[in-house]
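As a plain string of letters, each chain reads:
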Amino acid sequence: MAYVAIKGGAQAIEGSKLVYDYLRSRQAEDSQPLDTSTIENQLRLLHSRVISEGGVYHPQLASLAIKQAQGDTLEAAFALRAYRSTMPRLAETEALDSSRMRITRRISSAFKDIPGGQMLGATTDYHLRLMRMELLNESPEAFMAISRSWFEGCDVGQIPDTFPKVLDGLRQQGLLAETPAQPQQDQPFDITREPLIFPVPRSAALATMTRSEQGSLLALAYSNMRGYGDVHPTVAELRVGFVPVMLPHPISGKPMEIGEVEITECEVVAMYESDEQGGKPSFTLGYGACFGHNEVKAISMAILDRSLQKGMQGTPSNPSEDPEFVLLHIDGIDSMGFCTHYKMPHYVTFQSDMDRLRATQNKHAAEDQNS
Amino acid sequence: MTREEWVSALTALPEKRLTELVKGFPADWKVQPTTLPQVGLGMMKMKESAFNESFYLGEFPLASCTVTVTTDSGECAAGGALVMDDRMERAEQLAVCDAVMTGRLPGWQKVEALLQEGSARREQISRERKAMLARTKVDFSLLEDVGGEDA
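Residues numbered from 1 in each chain as written. Chains lettered and ligands numbered in written order. Predicted model: local features only at pLDDT ≥ 70, side-chain atom pairs only at ≥ 80, totals over all residues. Heavy atoms only, no water.

**Some words on the side chain of A:Thr264**
Residue and element names in this part refer to chain A. The topology assignment puts Thr264 in strand 5 (residues 255–273). Among the residues examined, Thr264 registers a relative accessible area of 0% and is labelled buried. Within the structure, the side chain of Thr264 is placed 2.5 Å from the backbone oxygen of Gly292, a separation counted as a polar contact. In contact with Thr264, other than residues within four places in its own chain, are Leu238, Arg239, Val240, Gly288, Ala289, Cys290, Gly292, His293, Asn294, Glu295 and Ala298. (Helix = DSSP H or I, 4+ residues; strand = E, 2+ residues; numbered from the N terminus. Buried < 20%, exposed > 50% of the residue type's maximum accessible area, 1.4 Å probe, protein only. Polar contact = N/O pair within 3.5 Å; in protein donor to acceptor, adjacent residues only side chain to side chain. Contact = heavy atoms within 4.5 Å.)

Here it is, written out as structure tokens:
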């Protein structure tokens with residue numbers, strides 16, 4: 001072990017906690033503490049990121065984690081993971097699909113006309129990235145007026161409850177391989193209970209990516225986009241919405257809705273391939289999904305899903321196709337832990353390093369004198 | 001509304017509404033758990049749409065409770081609930097309402113009224129989401145199809 005146990009410093013450590021807390025309260029005497037509902041609504045994309053990386057869909061605790069971590073996404077996700085580690089597992093849902101998703105946004109970059117239509121929903125995609133100076137001094141009245149006037153003159157009669165999948169249309173046209181009637185694996189890999197020992201099934205890769213750190217996932221997907229890979233994705237469909245979570249009623253046994261979970265889901269169509277069994281060539285696919293509204297994450301995951309499928313079938317030809325390289329380097333809690341451990345006392349090992357260096361320098365000086 | 005939709009309706013309302021309703025039932029009713037009430041996590045399994053393979057998306061809080069409710073006049077009914085929450089009392093309140101509705105125990109009309117209110121709130125949430133779609137439905141046109149002008 002490279003670090004050592006230390007003793008003492010309790011007073012300083014306690015003081016450090018107080019300083020940490022002091023810094024969030026120094027704004028002004030008349031400032032108010034953040035409430036969790038404000039964090040969930042007004043910082044909703046930060047909230048989504050933490051809920052996704054924490055791996056537990058608990059909106060209130062995700063807000064609390066952001067508050068106590070003072071906005072540090074890695075620390076906040078860590079707190080959520082710590083919470084989950086204290087709770088027993090009571091149940092597992094049947095495999096839910098997103099066909100019943102209560103959609104709030106749905107787009108395709110493959111087709112301009114998709115069944116049910118494209119709806120932009122809430123997005124910054126078409127915003128000018130200019131500062132909105134008016135928000136600097138936003139009055140409570142102006143703030144509340146936004147939601148008050150939002151539904152005026154809005155006809156929702158034509159909007160269906162659910163929408164068909166764009167991929168189904170491509171399948172009907174014979175451009176995608178048929179999905180197997182029986183999935184390859186009935187029981188998915190549970191990364192919360194089993195270590196990743198390679199090779200791992202695709203379900204392990206999907207579960208690892210869905211709770212991975214967004215920046216890490218993006219960086220590896222970006223390497224593929226820039227040329228260290230050849231996925232060349234087209235977003236067949238990106239949807240954001242709420243999936244009802246169903247479990248059997250404890251008495252009737254019939255499926256009941258116990259709540260709903262916001263999800264972002266992305267399907268990318270990638271380069272076509274010949275069928276190894278002699279069938280006709282068809283497009284390949286990548287899939288990404290995660291808790292909350294996280295579009296960059298879902299797209300990155302879909303790209304890496306496709307690149308990892310390729311790597312699992314043969315020899316990886318670049319980092320983003322290598323399951324071990326990708327899956328062992330994208331977890332925020334793991335990587336943060338390793339990084340921050342370097343702040344822990346390494347006094348003994350560093351003393352040893354210095355001793356070795358001095359010995360080497362002495363030896364070097366002696367050799368110089370002799371020569 | 002089916003029994004399996006009751007939890008969804010009741011949890012759509014502010015929490016204090018359910019708490020007040022359950023507190024309003026006679027104090028001498030006997031509420032006994034029939035299984036060990038539990039608070040923990042559920043695991044959400046998803047079927048991805050590329051190859052129809054399943055994987056674990058993540059966990060969610062889960063509270064479960066089953067009870068029998070016996071009124072002061074001896075009427076008895078069983079109720080149960082599962083809810084995405086990590087508070088035992090919330091599951092217990094929902095289980096009591098489940099029993100009251102199923103057994104048509106005294107006060108079931110109040111539960112039904114709250115269910116209707118919750119259902120209306122769910123409808124409102126659904127309309128809000130649909131409004132987001134209706135206001136942002138897009139009809140992109142290719143420039144070459146519209147004479148070089150942005151439609």
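**Things to note about the domain arrangement of chain A**
All names here are of chain A. Taken domain by domain, chain A comprises domain 1 (10–85) and domain 2 (98–121 + 159–336). In this structure, domain 1 and domain 2 have C-alpha centres spaced 29 Å apart. Each side of the interface is counted separately: domain 1 has 16 residues, and domain 2 has 21 residues. Contact between domain 1 and domain 2 buries roughly 1,600 Å² in total, counting both sides, with carbon and sulfur atoms accounting for 56%. Here domain 1 and domain 2 share two salt bridges between them. Applying the counting criterion to the domain 1 and domain 2 interface returns 10 residue pairs in polar contact (both at pLDDT 80 or more). For the side of domain 1 that touches domain 2, a count of residues per class yields seven nonpolar, three polar and six charged. (Domains from an automatic or database assignment. Buried area = accessible area lost by both parts, 1.4 Å probe. Salt bridge = Lys/Arg side-chain N within 4 Å of Asp/Glu carboxyl O. Nonpolar A, V, L, I, M, F, W, Y, C, P; charged D, E, K, R; others polar.)

**Things to note about the packing of helix 8 (residues 202–210) of chain A against helix 10 (residues 295–313) of chain A**
Residue and element names in this part refer to chain A. Contact geometry of helix 8 with helix 10 gives a least axis separation of 10 Å together with a crossing angle of 155°. As far as their axial angle goes, helix 10 and helix 8 are roughly antiparallel. Crossing of helix 8 against helix 10: the hand is right-handed. Judged by residue contacts, Arg202, Ala205, Leu206, Met209 and Thr210 of helix 8 engage Lys297, Met301, Leu304, Asp305, Leu308, Gln309 and Met312 from helix 10. Of the residues belonging to the contact of helix 8 with helix 10, the class tally is seven nonpolar, two polar and three charged. (Axes fitted to C-alpha atoms, helices over the stretch in contact; angles between N-to-C directions. Parallel < 35°, antiparallel > 145°, perpendicular 65-115°, else oblique. Left-handed = near helix turned anticlockwise from the far one by under 90°.)

**Overview of the environment of A:Glu295**
All names here are of chain A. Inspection of the secondary structure assignment puts Glu295 in helix 10. Classification of Glu295 by relative accessible area gives buried; the value is 14%. With 90 residues separating them along the chain, Glu295 and Ala205 place their C-alpha atoms 18 Å apart. Beyond its immediate stretch of four places on either side in the chain, Glu295 contacts Arg105, Asp125, Leu238, Val240 and Thr264.

**Concerning the interface of chain B and chain A**
Tallying the contact residues gives 56 residues for chain B and 86 residues for chain A. In this assembly, chain B packs against chain A so that about 6,400 Å² is buried in total across both faces, 64% of it on carbon and sulfur atoms. Our enumeration of links across chain B and chain A arrives at seven salt bridges. One can count 31 residue pairs in polar contact (both at pLDDT 80 or more) joining chain B with chain A.

**Details of the nonpolar core**
The biggest cluster of nonpolar side chains holds 100 residues, and the ones touching the most others in it are A:Met209, A:Ile258, B:Met44 and B:Phe60. Counting the residues that make up this core, at least three belong to each of domain 1 (10–85) and domain 2 (98–121 + 159–336) of chain A. Apart from residues lying up to four places away in sequence, A:Met209 is in contact with A:Leu217, A:Lys297, A:Met301, A:Leu304, A:Asp305, A:Leu308, A:Leu327 and A:Ile330. In terms of nonpolar packing, the next biggest core, distinct from the first, is built from nine residues, A:Ile107, A:Cys266, A:Val268 and A:Ala298 among them. (Core = buried A, V, L, I, M, F, W, Y, C linked by side-chain atoms within 4.5 Å.)

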